[in-house]
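Observations on the model geometry
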Amino acid sequence: MNMSSAQTQPRRLDTREIKTILVPTDFSEAANNAFMYAANLAWSLQARLVALHVYYLPPVAEGLAPREFMESMQKEKVDAAEAKFQDYKYDLLRMLGEGVAMEYRIEPGYAPDEILTMSQSQEVDLVVMGTLGQESMSEKILGSVTTRVIERAGCPILAVPGGVQYQPVRHILYASNFDEPDMVILDQLLSFAEVFGATISCVHVHTPDEGPTKLDVTSLEETYRAEIAAKKIQFEVVNNTDIVRGLHRYVVTHHVDIVTLLTHLRNDQRQTLHPGLTRAFSLETDVPLLAFHME
């Protein structure tokens, strides 16, 4: 269904509405790291944590394998996942006490499909996922579950690179085109940042071949004059021949803790603020990436 820009709105990420954080896991090192990041975030936001493991059973034509064999294989996968989740609960209790409520789910199927189904339900407000990042050539070539979910999810996704430890969020970068949807995102990010006492940098990377933007930065500065005066938000334009490189440079030089991007829905296809930008960041960034989507 096509939607006009006046009808489309990003799925909200108001901290007062983040009640449930979904953390898919395959129990890899990157997924385990993302779980602990999500647990700390849930503690800060007083949210419930739901861990999800999706296991795969190969399709077998009826009669080619005994039913008992398939049931045994399924039980083995479920038992192994339950044991891993008990380890999660132990680590959670050891690190954060009883400050985070956790439940887990074990489902058969194809991981991206199951994660997307849950992300599109009203039950889940935020999905936190791990990504192997720039060191993984397989992710660069084949793509990853995380990047596929980012492109199609029904709620905001926080992609956490492997090895990135949770730390209180102090500086959030929002990659901006200085157009109308920015105001919706910035209002939500201000609520999110307030929990941590963080500042927001709304940054646009200007490239030599760029056309005119839809909304002048001056208009945004006028709208958020009070927040600028309180040093909660700032607006900047940086010049670079490459958008991803320009944002990366800003992340490093300004000690950014989370990068935020907006994915648009246009012509029945998910597209990012700039083509390939979300995918590039989810595979290469060394800071968590928060992706919003247009509904």
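Let me begin by describing the structure that accompanies this report. (Residues numbered from 1 in each chain as written. Predicted model: local features only at pLDDT ≥ 70, side-chain atom pairs only at ≥ 80, totals over all residues. Heavy atoms only, no water.)

A few words on the packing of aromatic side chains. A full pass over the atoms with the stated rule returns 8 aromatic pairs. Aromatic side chains Phe27 and Phe85 sit 5.1 Å apart centroid to centroid with 70 degrees between the ring planes, which places their arrangement in the edge-to-face category. With Phe27 in the loop between β1 (20–24) and α1 (29–45) and Phe85 in helix α2 (residues 67–96), this pair connects stretches of sequence that are 58 residues apart. Across this residue pair, the class does not change: Phe27 and Phe85 are buried. Site record: aromatic cluster; members linked through ring pairs are Phe27, Phe35, Phe85, Tyr88 and Tyr104. (Phe/Tyr/Trp six-rings, centres within 6.5 Å; stacked < 30°, edge-to-face > 60°. Helix = DSSP H or I, 4+ residues; strand = E, 2+ residues; numbered from the N terminus. Buried < 20%, exposed > 50% of the residue type's maximum accessible area, 1.4 Å probe, protein only.)

This part takes up the pairing of strand β2 (residues 48–55). Of all 8 residues that make up β2, 7 are buried, and the element is covered over most of its length. With 5 bridges joining them, β1 and β2 adopt parallel strand pairing. Residue Thr20 lies in a different strand from β2, and its bridge partner there is Arg48. Of the strand pairs in this sheet, β2 and strand β3 (residues 102–108) are connected by 7 bridges, and their pairing is parallel. The residue bridging Leu52 from the neighbouring strand is Arg105, located in β3. (Pairing = 2+ DSSP bridges.)

Below, the discussion takes up helix α6 (residues 181–196). Every α-helix carries 3.6 residues per turn, so stepping three or four residues along brings you back to the same face. In this model, α6 (16 residues) spans 24 Å end to end at C-alpha, consistent with the 22 Å of a helix rising 1.5 Å per residue. Listed in full, the buried residues belonging to α6 are Pro181, Asp182, Ile185, Leu186, Gln188, Leu189, Leu190, Ser191, Phe192, Ala193 and Phe196. Residue Gly197 follows α6 closely and has a positive phi angle near 70 degrees. (Expected span 1.5 Å × (residues − 1).)

Our focus in this paragraph is unusual backbone geometry. Phi angles above zero are rare outside glycine, and Phe27 is one such case at about 65 degrees. Accessibility expressed as a relative area gives 15% for Phe27, which makes it buried. A positive phi angle, near 55 degrees, is found at Gln46, a position not held by glycine. Take Gln46: it is sitting in the loop between α1 and β2. Classification of Gln46 by relative accessible area gives exposed; the value is 72%.

What follows is about the environment of Cys202. Among the secondary structure elements, Cys202 is positioned in strand β7 (residues 199–206). With relative accessibility at 0%, the residue Cys202 sits in the buried group.

This part covers the pattern of salt bridges. The tally for this structure, following the rule as stated, stands at 7 salt bridges. In this structure, Glu123 engages Arg48 in a salt bridge whose closest nitrogen and oxygen atoms are separated by 3.3 Å. Residue Glu123 is located in the loop between α3 (111–119) and β4 (126–131), and its partner Arg48 is located in strand β2; the two are separated by 75 residues in the primary sequence. The class of Glu123 is partly exposed, set by a relative accessible area of 29%. For Asp79, the salt bridge goes to Lys75, with nearest N and O atoms at 2.6 Å. Residue Asp79 and its partner Lys75 are located together in helix α2, separated by 4 residues, close to a single helical turn. Each member of the salt-bridge network shares a partner with another, and the members are Arg48, Glu103, Arg105 and Glu123. (Salt bridge = Lys/Arg side-chain N within 4 Å of Asp/Glu carboxyl O.)

Right, let's get into α1. With 17 residues, α1 extends 24 Å between its outermost C-alpha atoms, agreeing within 8% with the 24 Å of an ideal straight helix rising 1.5 Å per residue. Burial within α1 is extensive, with 13 of its 17 residues counted as buried. Backbone geometry just after α1 places Gln46 at a positive phi near 55 degrees.

Ile21, Phe35, Leu41, Leu49, Leu158 and Leu186 are the most contacted members of the largest nonpolar core, which has 53 residues in total. By residue number, the principal contributor to this core is α1, which donates 9 residues. Beyond its immediate sequence surroundings of up to four residues, Leu158 is in contact with Tyr37, Leu41, Leu126, Val127, Val128, Met129, Ile258, Pro288, Leu289 and Leu290. Core analysis: the next-biggest nonpolar cluster, separate from the first, contains 31 residues, Ala159, Tyr250, Leu261 and Val287 among them. (Core = buried A, V, L, I, M, F, W, Y, C linked by side-chain atoms within 4.5 Å. Contact = heavy atoms within 4.5 Å.)

The next thing to look at is the side chain of Asn40. Structurally, Asn40 can be placed in helix α1. Once residues lying within four places of it in the same chain are set aside, the contact partners of Asn40 are Leu96 and Tyr166.

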